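# Observations on chain architecture
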Amino acid sequence: MTVRKLMHRVGRAWKFLSLVMILLLSGNAISAESPPRISLVANGQARMPVVVSPDAQSDVRLAAEELTDYLSRIGDAKFRMEDRDAAEEPPRKRKGIYVGLSTHFSDLPFSVKWKTDGVTRDQYLMRTTPNGLYLLGTTPAAVQCAVWDFLHRQGYRLFFLTDTWEVVPHRSEITVALNVVEQPDYVTRQAPRGAPWSDRELWKRWHIRNRMNSSFTLNTGHAYGGIVRRNKKTFAEHPEYFALVDGERRTGANAKFCISNAELRQLVVDDAIREMKTRPDQDSLSMDPSDGGGWCECDQCRAMGSVSDRALTLANDVAVAINKLDLGEKYVGMYAYNDHSPPPNISADPHVIISVATAFIRGGYSVEELVSGWQARDAILGIRDYHDVFAWSHDRPRKARGGNLEYLTRTIPWFYEHGARFMNSENMDSWGANGLGYWLTPQLLWDVDNAKRVDVLIEDFLDNAFGKAKEPMRKFYELVNQDQKAIRSHEDVVARMYRHLEQAYELTDDSRVHARLDDLILYTRYLELYGQYRNAEGQQRQQGFEQVWRHAWRMRDRMMLSTVALCNRDRFRDRTVKVPLDPSSWKDDQSFESDEIAVILTKGIEANEPTVLDFEAKEFSQDLVPASRLNLPPVTPGRLDERSRGRQQLYTWFDDDHRQIELNVTGGLIKHYRDRGHVKFWLYSQKEATLDPVDQDDSVPPDGQQRRIVLKSPYDGLHWLEWTDGSDKTQVTFAKEMPRTIRSTLEDPMRLGGRWDLYFYVPHGTKVVGGYTDSTRGTLLDGDQNVVFDFASMEAAGYFRVAVPKGQSGKLWKFNDSRGSRMLMTVPPYLATSVETLLLPREVIESDGRPVTTDVEN
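Rules used throughout
- Residues numbered from 1 in each chain as written.
- Predicted model: local features only at pLDDT ≥ 70, side-chain atom pairs only at ≥ 80, totals over all residues.
- Heavy atoms only, no water.
- Pairing = 2+ DSSP bridges.
- Helix = DSSP H or I, 4+ residues; strand = E, 2+ residues; numbered from the N terminus.
- Axes fitted to C-alpha atoms, helices over the stretch in contact; angles between N-to-C directions.
- Contact = heavy atoms within 4.5 Å.
- Salt bridge = Lys/Arg side-chain N within 4 Å of Asp/Glu carboxyl O.
- Buried < 20%, exposed > 50% of the residue type's maximum accessible area, 1.4 Å probe, protein only.
- Phe/Tyr/Trp six-rings, centres within 6.5 Å; stacked < 30°, edge-to-face > 60°.
- Lys NZ or Arg CZ within 6 Å of the ring centre and 35° of its normal.
- Parallel < 35°, antiparallel > 145°, perpendicular 65-115°, else oblique.
- Left-handed = near helix turned anticlockwise from the far one by under 90°.

Let us now look at the sheet that holds strand E31 (residues 768-773). Pairing in this open sheet of 3 strands is antiparallel, and the strands run E34-E31-E36 from one edge to the other. Looking at which strands have only one partner, the edges of the open sheet turn out to be strand E34 (798-803) and strand E36 (822-824). When the angles between neighbouring strand axes are averaged without regard to direction, this sheet yields 30 degrees. Note: E31 against E36, 3 bridges, orientation antiparallel. Paired with Gly771 across the strands is Leu824, a residue of E36.

On to the sheet that holds strand E11 (residues 179-182). If you walk across this open sheet you meet the 6 strands as E4-E3-E5-E7-E6-E11, and the pairing is mixed. Only two strands of the sheet have a single partner each, and these edge strands are strand E4 (81-83) and E11. Strand after strand, the sheet turns through a mean of 20 degrees between neighbouring axes, direction not considered. Both strand E5 (residues 96-101) and strand E7 (residues 132-137) contribute to a ladder of 6 bridges, which runs parallel. What sits directly across from Tyr98, in E7, is Tyr134. Along the sheet, helix H4 (residues 140-153) contacts E5, strand E6 (124-129), E7 and E11; its crossing angle with E6, the most-contacted strand, is approximately 55 degrees.

So, about the pattern of salt bridges. When the charged atoms of two side chains lie near each other, side chains of opposite charge can form a pair. Scanning the model with the defined rule gives 52 salt bridges in all. With a shortest N-O distance of 3.2 Å, Arg209 and Glu166 are connected by a salt bridge. Remark: Glu166 occurs in strand E9 (residues 166-167) and Arg209 occurs in helix H5 (residues 200-209); sequence separation between them is 43 residues. In terms of burial, Arg209 and Glu166 fall into one category: buried.

All right, on to the packing of aromatic side chains then. The way to describe two aromatic rings as a pair is by their centre distance and the angle between their planes. In this structure the tally under the stated criterion is 56 aromatic pairs. Taking the centre distance of 6.0 Å and the plane angle of 50 degrees together, the rings of Tyr386 and Trp392 count as tilted. When its relative accessible area of 4% is taken as the criterion, Tyr386 is described as buried. Taking the centre distance of 6.2 Å and the plane angle of 50 degrees together, the rings of Tyr651 and Trp720 count as tilted. Placement of Tyr651 in strand E22 (residues 648-654) and of Trp720 in strand E27 (residues 717-724) is noted, with a sequence separation of 69 residues between them. Assessed through its relative accessible area of 3%, Tyr651 is described here as buried. Accessibility expressed as a relative area gives 21% for Trp720, which makes it partly exposed. Site record: aromatic cluster; members linked through ring pairs are Phe159, Phe160, Trp165, Trp203, Trp206, Trp431, Tyr438, Trp439, Phe461, Phe466, Phe476 and Tyr477. A cation over an aromatic ring shows up here: Arg421 above the ring of Tyr416, its NZ or CZ 3.8 Å from the ring centre. Note that Arg822 overlies the ring of Phe815, its terminal NZ or CZ placed 5.6 Å from the centroid.

As a further point, take the packing of helix H16 (residues 470-482) against helix H17 (residues 490-506). The geometry of H16 relative to H17 is characterised by a closest axis approach of 8 Å and an angle of 160 degrees between their N-to-C directions. With respect to H17, the element H16 is oriented roughly antiparallel. The handedness of the crossing between H16 and H17 is left-handed. Residue-level inspection shows Pro472, Met473, Lys475, Phe476, Leu479 and Val480 of H16 in contact with H17, the latter providing Val493, Arg496, Met497, His500, Leu501, Gln503 and Ala504.

In structure tokens, the structure reads:
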């Protein structure tokens, strides 16, 4: 059976196989059900040495040395390490903690039968016998995992990168009883892996101590440029090897190949063979194309099929060639990314591993569709995720996937269940925002079943990192990493973070906990300064940025922030601000002292007040009916930009004599994004019991040309329409006037572009119109078109509250000349351009107007 088929078929069955292996590993001396309990430390004395073979590799020896050190620290006892030759005294006659490969020790008191294949190599056992403890692995990486798993079971933790976040417990007695076999669910677990400019030694230490190391290396970086550099002379002599674009052969750092050229393909294969012979121990070569576009437009390449077909063809050629070298099984790594993200029309070679990117996708596919599509073409699967990109998050909480616990616990098991065995994710040094998610991720990747017990893992983190201060820190991390749906202003988040940290500080005298809280106080101060800078303009904005820069630089050794990205990378920076050509005048290398941090905390609490809502939010149903039943007076029609990007949704209503919707659709309004697939529409009916679409359409290409589509339904009444366009911008115009209502709540905000004017209904008896705005442009008009609130009066995005004047309930109010999103919390969260196009909850109609009778329902 090929590795690909084995990996696809075994799946979750490995959990059962692991149990079977325990029985296979059991010898006559030991019962698998009841391993003997042995003493490692008693009365302040180490009871046995740590033993390694004289033949142990450097990684194994280092793991044994660290085990010796940490056992000594945990047990406050002096452990020693011995080299013991297997040919000397049999291990069963001398006590010891044996660390190494199973082949390092002869005459083991139990049999060892490992199950491995080409990529699944790393397995280890932890087993006690009357004479000792065995930490044995199939590879040096597996031995390291065994050592740190064992120390983890003794209470050791390295939560974040620095020594501040290391937990070394103290025990006067250490006894253990173990018979465990372990193997990771994901073969490679490079998530989070660290930014290229990060402190590599700190990241390497954290990886090893959290079982993220692997003996298999999957190479997936952009490879075409390297091939060109290694064959510079040949490419110079053969420009026809490069892609033909707009009638010219394109060279350069991101050049593509003319893959239909047989000589080019042979050159790539020959280059791969040389690379593999030069480093025969490497597991894989990357054949991922160079970044960006510029694929060949010659007739022969077009005849080969899609861009994915061409890229995969070249990867297949290389995979076949390097597996004929008699060097063992070798693999080719490639992303499903950018232009080559859509599933191909050809099958992957059994030694090609495709890592599906979760962003920068082309062709209008969802991640789920890419996973299933590539798997259908026999590819071994990996995932290329984006746990944090500084340009997207700026190290703010609640902005990155790496800190979104719901995302991590949902996707990591899902990818695994659908065949993924490799994980590679981009991230930053954003431990302030994402630290808890970063620590949980490797545990989920090792065993996806940990997603079911993530609450236990969070409790472990809170107990061990904060001790008596755990309860306020529980609220801190709920705010930062779990409270994803609640929309809060930046100031509100900062204010609450400061207060949780103050409460935590007061609950403990533990200096180690205080040091961790200090890190988080300085991170919170960064957020406070960041908010001030982003809300400023002109010279004040430049001054605000300088404060952010200086603060980030001073705390750079704490690894709470992506300091290099913020301070040294122009491409991540706001273009309205500048850093001096010589930034030394901004650099203060003095570390923050505890007294200064205490002042920061006090002033931060004084300067930032949490938002306290002085109105009560109300719930309204999504069972909508036409607002015309209220017999409201007509209003001047509002406006709604018919152009939008990404996923959109609106509600509509079908009368019995007109059960269809006609749309004029123009896709691809942004020309340079026209590679993201057709516009996709889905029509749903409230009366469809299966909840499946009653009609759908994906016929409109992103070419800037208008087309008419018709979506039909077997039902009348409430429907909702969804569409998505890959964010290349689409114009959707209703060919016939009919209800068009947008829902906008905290959990599901409106997604409109441009300026807009929309009405909403204020039911009888409403005292307050309250909600949240992410924009300060526009005004709010009451039922008589009087301005009752100007959003420009707000300093920043946040909650708004407007008292309803006497006589102004039971009317349509209007958001006028607005931008961004308004989320309604005290009135029905439904907006439209007129009375005729507005739908409202059935209970509101029945309360404020005449009851909804069966003629409306049917």
